[in-house]
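Spelled out, the chains give:
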Amino acid sequence: MKKTIVDFDFKDKVVVLRCDLNVTIKDGKIINNTYTGKGIIGLTNDNKLYLGKISANEAIEKGVRDAVEFGPFLIVNGEVSKVVGNGGYGIHPRSAIGQRSDGIILFLVIDGRRATSLGADMDDLIYIMQRYGAVNAANLDGGNSSALVENYQILNKPIDWYNREQTRPIPNGFILVK
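The shown structure was predicted, so the numbers you read here are calculated from the model rather than taken from an experiment.

What counts, and where the lines are drawn
- Residues numbered from 1 in each chain as written.
- Predicted model: local features only at pLDDT ≥ 70, side-chain atom pairs only at ≥ 80, totals over all residues.
- Heavy atoms only, no water.
- Helix = DSSP H or I, 4+ residues; strand = E, 2+ residues; numbered from the N terminus.
- Buried < 20%, exposed > 50% of the residue type's maximum accessible area, 1.4 Å probe, protein only.
- Pairing = 2+ DSSP bridges.
- Phe/Tyr/Trp six-rings, centres within 6.5 Å; stacked < 30°, edge-to-face > 60°.
- Lys NZ or Arg CZ within 6 Å of the ring centre and 35° of its normal.
- Salt bridge = Lys/Arg side-chain N within 4 Å of Asp/Glu carboxyl O.
- Core = buried A, V, L, I, M, F, W, Y, C linked by side-chain atoms within 4.5 Å.
- Contact = heavy atoms within 4.5 Å.

1. Some details on the overall build of the protein chain
So, point 1. Counting its secondary structure elements, the protein chain contains two helices and 14 strands.
So, point 2. For the protein chain, with 178 residues in total, the buried portion stands at 44%.

2. Things to note about the sheet that holds strand S10 (residues 105-110)
So, point 1. Taken together, five strands build an open sheet; the order of strands is S8-S7-S11-S9-S10 and the sheet is antiparallel. The outermost strands of the open sheet, each flanked by one partner alone, are strand S8 (79-80) and S10.
So, point 2. Relative to strand S11 (residues 134-142), strand S7 (residues 73-76) is paired through two bridges, and the arrangement is antiparallel. What sits directly across from phenylalanine 73, in S11, is alanine 138.

3. So, the packing of aromatic side chains
So, point 1. Within the structure shown, the criterion is met by zero aromatic pairs.
So, point 2. It is lysine 38 that lies over the ring of phenylalanine 70; its NZ or CZ is 4.6 Å from the centre.
So, point 3. Lying over the aromatic face of phenylalanine 73, lysine 53 brings its terminal NZ or CZ to 5.9 Å of the ring centre.

4. Notes on the pattern of salt bridges
So, point 1. Within this structure, the stated rule accounts for four salt bridges.
So, point 2. Here lysine 26 ties to aspartate 27 by a salt bridge, and the two come within 3.3 Å at their closest N and O atoms.
So, point 3. For lysine 26, a relative accessible area of 12% puts it in the buried group.
So, point 4. The class of aspartate 27 is partly exposed, set by a relative accessible area of 33%.
So, point 5. Here arginine 114 makes a salt bridge to glutamate 165, at a shortest N to O gap of 3.7 Å. With arginine 114 in the loop between S10 and helix H2 (122-131) and glutamate 165 in the loop between strand S13 (153-154) and strand S14 (174-177), this pair connects stretches of sequence that are 51 residues apart.

5. Let's talk about the nonpolar core
So, point 1. Counting 13 residues, the largest nonpolar core has Leu74, Leu125 and Met129 as its most contacted members.
So, point 2. Elements represented by at least two residues in this core include exactly S7, S10, H2 and S11.
So, point 3. No other element matches H2, which puts four residues into this core.
So, point 4. In this view, methionine 129 contacts Ile75, Ala96, Ile97, Gly98, Leu106, Leu108, Ala134 and Ala137; residues no more than four positions away in its chain are not counted.

6. Some details on unusual backbone geometry
So, point 1. The peptide bond linking glycine 71 to proline 72 adopts the cis configuration, its omega dihedral lying at 5°.
So, point 2. Here asparagine 47, not a glycine, exhibits a phi torsion of approximately 65°, which is positive.
So, point 3. Topologically, asparagine 47 is positioned in the loop between strand S4 (40-44) and strand S5 (49-52).
So, point 4. A positive phi is found at asparagine 151, a non-glycine position, where the angle reads about 50°.
So, point 5. Owing to a relative accessible area of 65%, asparagine 151 belongs among the exposed residues under this scheme.

7. Thoughts on the pairing of strand S9 (residues 94-100)
So, point 1. Counting buried residues in S9 gives six out of seven residues, a clear majority hidden from the surface.
So, point 2. As judged from the six bridges shared by S9 and S10, these two strands associate in the antiparallel manner. Across the sheet, the residue bridging to glycine 98 is leucine 106, located in S10.
So, point 3. The turn linking S9 back onto S10 is made up of four residues, and glycine 103 within it adopts a positive phi angle of 95°.
So, point 4. As defined by bridge partners, S9 adjoins S11 across six bridges and the pair is classed as antiparallel. Bridge pairing links arginine 94 to glycine 142 in S11.

Below, the structure is given as structure tokens:
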């Protein structure tokens with residue numbers, strides 16, 4: 001795996017941290033270009049959440065500034081995705097990103113694997129994102145990579161398969177910096 005390099009030279013935007021896996025675009029430059037077909041989840045130069053099954057090069061051409069590859073897409077242009085059963089994803093801790101029509105970006109992190117919070121499936125994510133007015137939304141990584149951090153402190157309680165309260169290394173992520 002590549003070494004992680006995190007820089008904090010950005011202000012007032014959501015950006016991609018890094019990636020050693022799948023497609024990652026940061027500041028309009030392709031960092032990694034191993035497209036697996038999951039879909040591009042990114043923010044355009046005018047801070048619109050873009051969801052599309054396109055290559056990294058096509059994303060750049062469409063003005064995508066920062067992006068990761070993951071999914072599934074939950075809501076696209078107001079249309080809810082059809083999930084059969086749990087979609088094969090089960091009930092687990094989850095992370096998702098969405099955007100309302102007024103431009104507000106929504107980050108959702110759901111704990112799981114504990115009595116107080118079992119987790120969520122894709123239908124749960126869709127329901128919550130709709131409740132908060134998302135017109136575009138996508139699932140990000142889940143499990144014990146689902147972490148919400150503020151001022152270097154984890155606010156939720158990620159648990160791994162061995163019931164340990166800890167996170168795991170992740171290949172990419174979104175952060176909000178002011």
